[in-house]
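# Analysis of the macromolecular model
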Amino acid sequence: MDGLKRLPIQAPERISGIVALAFNMWWSWHPDARMLFKRLSRGEWKLSGHNPVRMLNEIDKKALEEASKDPDFLVHYDRVMERFQKEVQNGGDKWFTRNICAPEALPIAFFSAEYGLHRSLPFYAGGLGFLAGDFLKESSDLGLPLTAVGFMYPEGYLRQRISLSGWQENLDEPLDRAGTAISRVMDEKGRPLLVKVPVIAPPIYVEVWKIEVGTVPLYLIDTDIETNDPWNRRISAHLYTGNVEQRLRQEIVLGIGGSAVLAAMGLKHPVLHLNEGHPAFAIMERIREGVSSGLRFADALQEVKETTVFSTHTPVAAGTDVFPFELMEKYFSPYWPALGLNRESFFALGINPEDPRAGFNMTAFALKCSTHRNGVSKKHEEVARKMWHSLWPDKTEEEVPIESVTNGIHVPTWIEPKMELLFNRHLGEDWITRQDRPETWEAVREIPDLELWNTHYWLKMKLIMRILERARERWIEGGPDARVVLAEGVFLDPNALTIGFARRFTTYKRAYLILNDIERLKRILNNKWMPVQIIFAGKAHPADDAGKQILQQVFNAANDPGSGGRIAFIEEYDEQLAQYMVHGVDLWLNTPMPPLEACGTSGMKAALNGVPNLSILDGWWLEGYNGKNGWAFGQKEGEGKSGQQRDLEDAAQLYDLLENSIIPLFYRINGEGISKGWVQMMKEAMISAGPRFSARRMVKEYANRFYEKCLLAIAG
Ligand SMILES: *Cc1c(COP(=O)(O)O)cnc(C)c1O
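Residues numbered from 1 in each chain as written. Predicted model: local features only at pLDDT ≥ 70, side-chain atom pairs only at ≥ 80, totals over all residues. Heavy atoms only, no water.

## What to know about the overall build of the protein chain
When you go through the protein chain residue by residue, the secondary structure sums to 30 helices and 23 strands. Summarising its shape, the C-alpha atoms of the protein chain cover approximately 80 × 70 × 55 Å along the three principal directions. Expressed as a percentage of the 716 residues in the protein chain, the buried residues total 60%. In the protein chain, 73% of the contacts between residues at least 6 apart in sequence involve partners at least 24 apart. Of the accessible surface of the protein chain, which amounts to about 27200 Å², a share of 52% is contributed by carbon and sulfur atoms. If you average the places of the 83 positive and of the 93 negative side-chain charges in the protein chain, the two averages end up 2 Å apart. (Helix = DSSP H or I, 4+ residues; strand = E, 2+ residues; numbered from the N terminus. Buried < 20%, exposed > 50% of the residue type's maximum accessible area, 1.4 Å probe, protein only. Contact = heavy atoms within 4.5 Å. Areas by Shrake-Rupley, 256 points an atom, 1.4 Å probe, with all protein chains shown as cover. Lys, Arg positive; Asp, Glu negative; His and termini not counted. Charge placed at Lys NZ, Arg CZ, Asp CG, Glu CD.)

## So, the environment of Arg-98
Within the secondary structure layout, Arg-98 lies in helix α7 (residues 95-99). For Arg-98, a relative accessible area of 52% puts it in the exposed group. Taking the C-alpha atoms as reference points, Arg-98 and Leu-142, 44 residues apart in sequence, are found 9.9 Å from one another. There is a polar contact of 3.0 Å between the side chain of Arg-98 and the backbone oxygen of Asp-93. (Polar contact = N/O pair within 3.5 Å; in protein donor to acceptor, adjacent residues only side chain to side chain.)

## Considering the nonpolar core
Ranked by internal contacts, the top residues of the largest apolar core, which has 138 residues, are Phe-281, Phe-332, Phe-346 and Tyr-707. Residues from two domains meet in this core; each of domain 1 (3-89) and domain 2 (100-407 + 699-715) gives at least three. Every residue in contact with Phe-281, bar those within four places of it in the chain, is listed here: Leu-248, Glu-251, Ile-252, Gly-255, Ile-256, Met-328, Phe-332, Phe-360, Met-362 and Phe-365. Counting residues in hydrophobic clusters, the runner-up holds 98 residues, among them Val-411, Phe-505, Ala-568 and Tyr-667. (Core = buried A, V, L, I, M, F, W, Y, C linked by side-chain atoms within 4.5 Å. Domains from an automatic or database assignment.)

## Brief notes about the domain arrangement of the protein chain
As far as domains go, the protein chain holds domain 1 (3-89), domain 2 (100-407 + 699-715) and domain 3 (427-693). A straight line from the C-alpha centre of domain 1 to that of domain 3 covers 35 Å.

## Some remarks on the side chain of Thr-406
Residue placement: Thr-406 occurs in the loop between β17 (403-404) and α18 (411-414). In this structure Thr-406 comes out as buried when scored by relative accessible area, which is 5%. In this structure the side chain of Thr-406 is engaged in a polar contact, spanning 2.8 Å, whose partner is the side chain of Glu-623.

## Considerations on unusual backbone geometry
Look at the link from Ala-201 to Pro-202: it is a cis peptide, with omega at -10 degrees. Among the structural elements, Pro-202 can be located in the loop between β9 (194-196) and β10 (205-213). A cis amide bond links Pro-594 to the next residue, Pro-595, at an omega of 5 degrees. For Pro-595, the location among the structural elements is in the loop between β21 (587-590) and α26 (602-608). Residue His-50 is not a glycine yet carries a positive backbone phi of 55 degrees.

## With respect to the pairing of β21
Neither face of β21 is left uncovered, since the one carrying Leu-587 and Leu-589 and the one carrying Trp-588 and Asn-590 both have all their residues buried. Looking at chain direction, strand β18 (residues 497-502) and β21 are connected through 2 bridges and run parallel. When the bridges of β21 are listed, Gly-500 appears paired with Trp-588. Where β21 meets strand β22 (residues 613-616), 3 bridges bridge the pair, whose relative direction is parallel. Paired with Trp-588 across the two strands is Asn-613, which belongs to β22. Between the parallel pair β21 and β22, the chain is carried across by α26, and the sense of this crossover is right-handed. (Pairing = 2+ DSSP bridges. Right-handed = clockwise from strand over helix to strand, strands pointing away.)

## Some thoughts on the pattern of salt bridges
Across all of its chains, the model carries 55 salt bridges by this definition. Residues Arg-54 and Asp-176 are paired through a salt bridge, measuring 3.5 Å at the closest nitrogen-oxygen approach. With Arg-54 in helix α4 (residues 52-58) and Asp-176 in the loop between β7 (168-173) and β8 (183-186), this pair connects stretches of sequence that are 122 residues apart. A relative accessible area of 27% means that Arg-54 is categorised as partly exposed. The class for Asp-176 is partly exposed, based on a relative accessible area of 33%. For Arg-697, the salt bridge goes to Glu-701, with nearest N and O atoms at 3.1 Å. Here Arg-697 pairs with Glu-701, and both are found in helix α30 (residues 695-715), just 4 residues apart, close to one helical turn. When its relative accessible area of 16% is taken as the criterion, Arg-697 is described as buried. Salt bridges linked by common partners bring Arg-159, Glu-173, Lys-539 and Glu-572 together as one network. (Salt bridge = Lys/Arg side-chain N within 4 Å of Asp/Glu carboxyl O.)

## Quick notes on the site of the ligand
Residues in close proximity to the ligand total 13 residues, the closest being Trp-414, Lys-509, Thr-601, Ser-602 and Lys-605. Lys-509 is positioned with one of its side-chain polar atoms (N or O) 2.8 Å from an oxygen atom of the ligand. Thr-601 places a main-chain nitrogen or oxygen 2.9 Å from an oxygen atom of the ligand. Protein chains shield 94% of the accessible area of the ligand, which is 390 Å² for the free molecule. For the shell around the ligand, the elements supplying multiple residues, two or more each, are α8 (127-142) and α26. For the shell around the ligand, the per-class residue count stands at 4 nonpolar, 5 polar and 4 charged. Each of two domains, domain 2 (100-407 + 699-715) and domain 3 (427-693), supplies a minimum of three residues to the shell around the ligand. (Near = heavy atom within 4 Å. Nonpolar A, V, L, I, M, F, W, Y, C, P; charged D, E, K, R; others polar.)

## Observations regarding the packing of aromatic side chains
Aromatic rings in a pair are described by how distant their centres are and how their planes are angled relative to each other. Enumeration over the complete set of coordinates arrives at 34 aromatic pairs. Centroid distance Trp-27 to Phe-37: 6.1 Å. Interplanar angle 75 degrees. Geometry classified as edge-to-face. Here the residue Trp-27 occupies a position in the loop between α1 (17-22) and α2 (31-40), and Phe-37 occupies one in helix α2, the gap between them amounting to 10 residues. Both residues of the pair, Trp-27 and Phe-37, belong to the buried class. Here Phe-151 and Tyr-153 contribute two aromatic rings whose centre-to-centre distance is 5.5 Å and whose plane-to-plane angle is 35 degrees, an arrangement assigned as tilted. There is no split in this pair, since Phe-151 and Tyr-153 are both buried. Members of the aromatic cluster, connected to one another through ring pairs, are Phe-281, Phe-325, Phe-332, Tyr-335, Trp-336, Phe-346, Phe-347, Phe-360 and Phe-365. The ring of Phe-501 has Arg-503 lying over it, and the distance from NZ or CZ to the ring centre is 4.6 Å. (Phe/Tyr/Trp six-rings, centres within 6.5 Å; stacked < 30°, edge-to-face > 60°. Lys NZ or Arg CZ within 6 Å of the ring centre and 35° of its normal.)

## As for the sheet that holds strand β20 (residues 567-570)
With parallel pairing, 6 strands are arranged side by side in an open sheet as β20-β19-β18-β21-β22-β23. Where the open sheet ends on each side, the last strands, each with one partner, are β20 and β23 (630-633). Pairs of neighbouring strands in the sheet enclose a mean axial angle of 20 degrees, with direction left out of account. With 4 bridges joining them, β22 and β23 adopt parallel strand pairing. (Axes fitted to C-alpha atoms, helices over the stretch in contact; angles between N-to-C directions.)

## Thoughts on a nonpolar patch on the surface
Together, Leu-486, Val-490 and Phe-491 give the surface a local cluster of nonpolar side chains, amounting to about 250 Å² of exposed area. For Phe-491, the location among the structural elements is in the loop between α22 (482-490) and β18. (Patch = residues over 30% accessible without salt bridge, like charges linked within 9 Å, V, L, I, M, F, W, Y side chains within 5 Å.)

Pasting the structure below:
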């Protein structure tokens, strides 16, 4: 069953395929498809926030009529549609089929609490979501038989506004379902598919929406439906709610409800991949299905284990959900009999031996009930082994069975289109299909320096013009004090060395580090001949006051006249602003407290576009830094320095590097007006990041190292 319902959009017969194209996110990583929509109307494209569904809803029908008769448009349309059909509608002969097995033999369900796919789909908070979104896109490109499950967050999107005092205010923006690329899943009778979350009492019902991501379907679970009482309706209202009981209910709905939704649609999933612990109850539901088909608990568990992949994404204790036993009891007391367990043996599944009374630990549970477990960088593997050693008390730390697959980014999504054209010219038109071979990237050395620099400079102008436009809109909108508008980048200078820092504002990321000695920083920024500027962006979780205080400190520094307008804080960090920033700044800064950055991906996005990293050695940078492609600094982990002392010393190293190496290199400008040394650094950044930190390399690793073993388990 796969009846879908969406609001009807009329397009003339000759170009009617444009509606299917708009509803498949495939368009978002194909510049030629994006250009097709833009060509219909540049103004509407911009007004819609680059959202073709909204644009087709709002565009004047005459424009569509005209396009359907315009020969140039039709050539473009036919070219895009032919490729769309070849890659998506026919599926085709892709890497997975050629290298692993026939797709029908290995259906995989991928569960994640968030997905970052595009600015028009506000179902993400940060890096975990983009990792999941990039995973789906790459799975489509490689032909993986993946079905994804996630949550619909109808009230979910947090808009960020900063007050004059620098405090983050939150505005909720309800989802505009009619203007979003989602379709409602219907049952055989043509009614919205309604699924009851099995066994759990009191009952919860869900409906389902679908997003198409190339060949990969993503099903989103929605509890905001009439059948539910108000308390249940709000389960999926917000991403990562702070209320523990509501959070538990979210995870029940995602894991158990999500599995039931797949079953109701007749989609079997012999392999399960959990992106972090939030959806781990999906494991429980698979075991229950085994028990209800007649297996003993231990056998059902063993089967499920061998076909489950669990990826843990954080070494931060607060990132792990632990639910009090009383709350678990309230919802699960009908569930453990259905598994053939009693209360004690059921709770034992989720106990962390380090803290057995704390409650049911989702990560401990997922680790115990999966055979394929991984962290998301080599360093994170090491940290995770230490962190979860007590689950395997007979083993040494080195023997703890947690491996790693280093994260990667979806190259077609994060490469800037102008840069992509430059690569097309110098790496060959088909470089994207050869992106995980190091030889492909060697050709970057042959790009003429001036051409690369000019492309980069154009992207930097684009970023600054976009920031000015935002500030202007804010100004026209009225309301904010002029000082707020000034702090948002009005004084930015395209010729100054521009540092970017954008990520969630959470304590361990230490956004404040570069402000540690503010007088020294001001001297660096305001150097007359070699000015420097910093562009900050990022949101704090609405419940995280410590994060908001850091944001305030940054905003106040931006507002301080002594900074000369050379620090900017840009509101509303989302996928679109992320794109502009990782494409357009000169240098990407990262200052986490080691070893808390499990991997980090924004630095990979920057490097791909020729933006070198300036980062603490942690997460992916321990693997990525090679002495030629950027800079590394900071105390080694475990040198025993505590909070403030450590900040002081790390910041001093950062200033030294800036003053002695980075700034002089950037401004060592030759007769052509460029710094050869800097461009060399840019090239090394691209060459080292391109093949190794792509989602292509990552997804192939998951397939080769884990999914293929699951296949053996299914066959055996
Ligand atoms: C890539 C990305 C992130 C993750 O960045 P990290 O460096 O891993 O913190 C967060 N938010 C957005 C919008 C992104 O594009």
